[in-house]
Amino acid sequence: MPVTFTFDEEIAALKAERDSLIQFPEEEFIEIIREVGFSCDCCGRCCTHEFNGHVFLLEEDTDRVRRFAPDALIPAPDFDACDQQGRFYVSGYALRTKPDGSCIFLSGGRCSIYDQRFAICRIYPYMLHREADETGAVDWRQISGLNEHGCYNTPIDAEECARIARETRAYEAAFLDQAVRFRRALRDLFAAEGLRYVRRTYDLLMRDFRKGAEVEVRVFHRGHFEPHRVTRAMYE
């Protein structure tokens, strides 16, 4: 039997994760940051497909990109849902990449908009979200790409550790808030227009998309769904 999309269950799970995020002890996160002691060595590897699939943008960052480089935006990959008419839906935008898989703003191994870099770029590699490890155990993960780039065991003073912790928690909370608002809007849209999501339809459409077919993706932004036509080539 096809699996029906359960918006309310997903919304409840996201809200519970946000509540857990807010309750995560700040002193514990600060201690992790201090012990890891990450320092960027400007290798640029975190700005490539080799280490990160895509750069997801919060709505505030999307608005900023639109002011100086609107062509840099694409619908985020890993589409969240589709309707029976073959339209995909996703919770936000991502940055376009170059043919070599590097960020569109990476130039000569350096970020060309460093002073205007986005929220996720400012906190990386520090994360604070629940994720399964290689054994399938779900727990809080604080560091992304550990020992894959940058320098470690660098002394970081208490004030800087606290700043990183605050900014990281704020980013993750904003990300979850955006996800909740997206699913609420999608639930209301499906109810108002008599739409439905069946997993088999999604899988069949994704198969065609991976083979090169053009599909419609509606991107959630500021309470509305913005339509786009995309192909897999845009993400490679």
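Cut-off values and rules
Residues numbered from 1 in each chain as written. Predicted model: local features only at pLDDT ≥ 70, side-chain atom pairs only at ≥ 80, totals over all residues. Heavy atoms only, no water. Buried < 20%, exposed > 50% of the residue type's maximum accessible area, 1.4 Å probe, protein only. Helix = DSSP H or I, 4+ residues; strand = E, 2+ residues; numbered from the N terminus. Arc of directions from axis to C-beta. Contact = heavy atoms within 4.5 Å. Pairing = 2+ DSSP bridges. Axes fitted to C-alpha atoms, helices over the stretch in contact; angles between N-to-C directions.

### Some words on helix α3 (residues 59-68)
Logical step 1: Burial in α3 covers these residues: Glu59, Asp61, Thr62 and Val65. Viewed end-on, α3 has its buried residues packed into an arc of 155 degrees, placing them on one side of the element.
Logical step 2: As for α3, its buried residues are in contact with β1 (73-75), β4 (93-95), α4 (119-123), α5 (158-193) and β9 (215-221).

### Focus: the sheet that holds strand β10 (residues 224-230)
Logical step 1: The strand order β2-β3-β9-β10 describes an open sheet built from four strands, whose pairing is mixed. The two strands at the open ends of the sheet, each matched to only one other strand, are β2 (81-82) and β10.
Logical step 2: Judged from the seven bridges that link them, β9 and β10 form a sheet pairing that is antiparallel. From the neighbouring strand, phenylalanine 220 faces β10, where its bridge partner is phenylalanine 225.
Logical step 3: Those strands touched by α3 are β9 and β10, and its axis lies near 110 degrees from that of β9.
Logical step 4: The sheet contacts of α5 involve β2, β3 (87-90), β9 and β10, and relative to β3 the element is tilted by about 150 degrees.

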